[in-house]
Amino acid sequence: MTTSGWGERYSDALMNTFGPPKTTLVSGSGARVTDADGKEYVDFLGGIAVNTLGHGHPALVRAVSEQAARLVHVSNFFATPPQIELAERLLGLLGAGGRVFFANSGTEANEAAFKLTRRTGRTRIVAATGGFHGRTMGALALTSKEAYRTPFAPLPGDVTFVEYGDAAALEAAVDESVAAVLLEPVQGEAGVVVPPTDYLVRAQQVARDAGALLWLDEVQSGIGRTGTWFAHQNPALVDGTVVPDVVTLAKGLAGGVPIGACIATGGSGKLFDPGNHGTTFGGNPLATAAALAVLDTVESEGLLARSTTAGARLKELLAADARVTEVRGAGLMVGIDLSQPYAAETVAAGQDAGFVLNAPSPTRLRFVPPLVVTDADLDALAAAWSGILDTAYTAGGAA
Ligand SMILES: *Cc1c(COP(=O)(O)O)cnc(C)c1O
């Protein structure tokens, strides 16, 4: 079966929520994937910042296989060792005491956190324009993008949006009616938008002064993506110390096995009482064993440092073409602006040339490859980059 055959079967069997698939992938290794026609691509999307260890990493294969043979799932009426160990590890990486709730995705991690904030006795949330927090009704209520919201109104209420990166706007919006201030340390879906380095520190102060929780959505930016375990710990992004009350995680945490985590530090970890929240699958031994293997491998292979050095090289190679007008981000969470709105054409030209690229907006591209991306992978993009842009600009109609 070829990619076009699979494409037809896809559109006859699957709901059209994602638009037509770009191709049909059948295998992968490291930062490379192969489609049903046998064509290989260097994967600069990494399953949208999910495949931390790339494709087919032996440590993840082993952990999932061994855990599957031992115990895939039990209900949350029971504890399992990987679940407990993962919660302890995450609290350790955050450097804070607290409690963890495991879910299956980013939106569910945020849903849990949203409910947790209601347990403060306050209901209002202040979130940022351009932010993305997921597609369930609660997470969507926290997401500002009108195109996502409008078809599903009315959404759960009491959410105020302020301009991302503007600490004064936050200060003006937050008072003692606010349960939580919700921010991404770096906005991913917006195209890797980086706030001023004093923003999170000031947001923390604003939240503290009002008795509100500081809730950071690190679903995309967490787990080494920017070169530190969490983006809010990255001195390249944040000038000062930030200790969030709530952190949500998902994408990169288990390297592709579905998982989400809502971590609440200090007293916030005790806001839920038995019966307040639940999940059937969340935190099951398979997903948590996978996450432990990801954390172990990020440590043993030095992938935080790798994220930083590979990210710097990636930024440099992208900026080498003058049609790239801005390069943003840290580690392997990189966004660029093009001089013309040809990002979609660049993705298409990239695919023809053997690269998986991503365009979160008509002028922006986002690069979030596996942290195991090699120098050879980066060299391949460097060699092809200007040619990809030539093709894209011609297709876009530029002179
Ligand atoms: C992807 C994303 C989500 C939603 O995660 P899903 O697993 O798709 O539900 C939430 N917040 C941020 C910052 C994200 O990037």
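- As recorded in an unreviewed UniProt entry, the protein chain goes by Acetylornithine aminotransferase and comes from Nocardioides zeae.
- Under the UniProt heading Subcellular location (unreviewed entry), the entry covering the protein chain gives this text: "Cytoplasm".
- Recorded in UniProt under Pathway (unreviewed entry), the annotation for the protein chain is "Amino-acid biosynthesis; L-arginine biosynthesis; N(2)-acetyl-L-ornithine from L-glutamate: step 4/4."

1. What to know about the site of the ligand
Line of reasoning, step 1. The environment of the ligand is made up of 13 residues, and the closest members are Gly106, Thr107, Asp217, Gln220 and Lys251.
Line of reasoning, step 2. In the model, an oxygen atom of the ligand is placed 2.8 Å from a nitrogen or oxygen of the Thr107 main chain.
Line of reasoning, step 3. Between an oxygen atom of the ligand and a side-chain N or O atom of Gln220, the distance comes to 2.7 Å.
Line of reasoning, step 4. Coverage of the ligand by the protein amounts to 82% of the 390 Å² it exposes when considered alone.
Line of reasoning, step 5. Here the shell around the ligand gets three residues from one element, more than from any other, and that element is helix α5 (residues 106-118).
Line of reasoning, step 6. Each residue belonging to the shell around the ligand can be placed in one class, and the counts come to two nonpolar, seven polar and four charged.

2. Quick word on the side chain of Thr143
Line of reasoning, step 1. Mapped onto the secondary structure, Thr143 falls in the loop between α6 (137-141) and α7 (146-149).
Line of reasoning, step 2. The exposure class of Thr143 is buried, given its relative accessible area of 0%.
Line of reasoning, step 3. Within the structure, the side chain of Thr143 is placed 3.0 Å from the backbone oxygen of Ala139, a separation counted as a polar contact.
Line of reasoning, step 4. Not counting the four nearest positions on each side in its chain, Thr143 is found in contact with Gly131, Phe132, His133, Gly134, Tyr148, Arg149 and Phe161.

3. Concerning the nonpolar core
Line of reasoning, step 1. With 60 residues, the main nonpolar core has Phe44, Leu90, Leu314, Phe367, Leu381 and Trp385 as its most contacted residues.
Line of reasoning, step 2. Tallying contributions element by element places helix α13 (residues 375-396) first for this core, with eight residues.
Line of reasoning, step 3. Two domains share this core, each providing at least three of its residues, namely domain 1 (3-56 + 302-396) and domain 2 (59-300).
Line of reasoning, step 4. Setting aside chain neighbours within four positions, we find Phe44 in contact with Leu314, Phe355, Val356, Leu357, Arg366, Phe367, Val368, Pro369, Val373, Asp377, Leu378 and Leu381.
Line of reasoning, step 5. Leu45, Val181, Ala207 and Ala231 belong to the second-largest nonpolar core, a separate cluster that totals 33 residues.

4. As for the sheet that holds strand β12 (residues 333-338)
Line of reasoning, step 1. The antiparallel open sheet is built from three strands, whose spatial order is β11-β12-β14. Here the strands that pair on one side only, and so sit at the sheet edges, are β11 (324-330) and β14 (364-367). Each strand of the sheet is rotated relative to its neighbour by a mean of 15°, with strand direction disregarded.
Line of reasoning, step 2. By the bridge criterion, six bridges tie β11 to β12 in an arrangement that is antiparallel. Residue pairing for β12: Val324 is matched across the bridge by Leu338.
Line of reasoning, step 3. Seen against the sheet, helix α12 (residues 343-353) touches β12 and β14 and runs at an angle of roughly 45° to β14.

Procedures and definitions
Residue positions are given per chain, counted from 1 along the sequence in the order it is written. For this predicted model, a pLDDT threshold of at least 70 governs which residues receive local features, and a threshold of 80 or more governs which side-chain atom pairs are given and counted, while totals over whole chains, interfaces and linings are taken from all residues. The side-chain figures draw on all heavy atoms in the structure; neither hydrogens nor water molecules are used. UniProt positions are given in the numbering used here, feature names are shortened, and annotations may be inferred rather than shown by experiment. Working definition: residue near molecule or strand if any one of its non-hydrogen atoms lies within 4 Å of it. Under the rule applied, a polar contact is a pair of N or O atoms within 3.5 Å (in protein, one hydrogen donor and one hydrogen acceptor; residues adjacent in sequence only if both atoms are side-chain atoms). Values of accessible area rely on a 1.4 Å probe in the Shrake-Rupley scheme; residue burial ignores everything except the protein chains shown. Numbering goes from the N terminus for both helices and strands, where a helix is a DSSP run of H or I of at least four residues and a strand is a run of E of at least two. In this count, Pro and Cys sit with the nonpolar residues alongside Ala, Val, Leu, Ile, Met, Phe, Trp and Tyr, while Asp, Glu, Lys and Arg are called charged and the others, Gly among them, polar. For every residue, the accessible area obtained with a 1.4 Å probe (protein chains only) is divided by the maximum for its type, and the residue is called buried under 20%, exposed over 50%, and partly exposed between those limits. Residues are treated as being in contact if the distance between any of their heavy atoms lies within 4.5 Å. Nine residue types can take part in a nonpolar core, namely buried Ala, Val, Leu, Ile, Met, Phe, Trp, Tyr and Cys, and a core is a set of them joined through side-chain atoms within 4.5 Å. The split of the chain into domains comes from an automatic or database domain assignment. Strand pairing is assigned whenever DSSP identifies at least 2 bridges connecting the two strands. In this analysis, axes come from line fits to C-alpha atoms, helices being fitted only over the stretch in contact, and the angle between any two N-to-C directions falls in the range 0 to 180 degrees.

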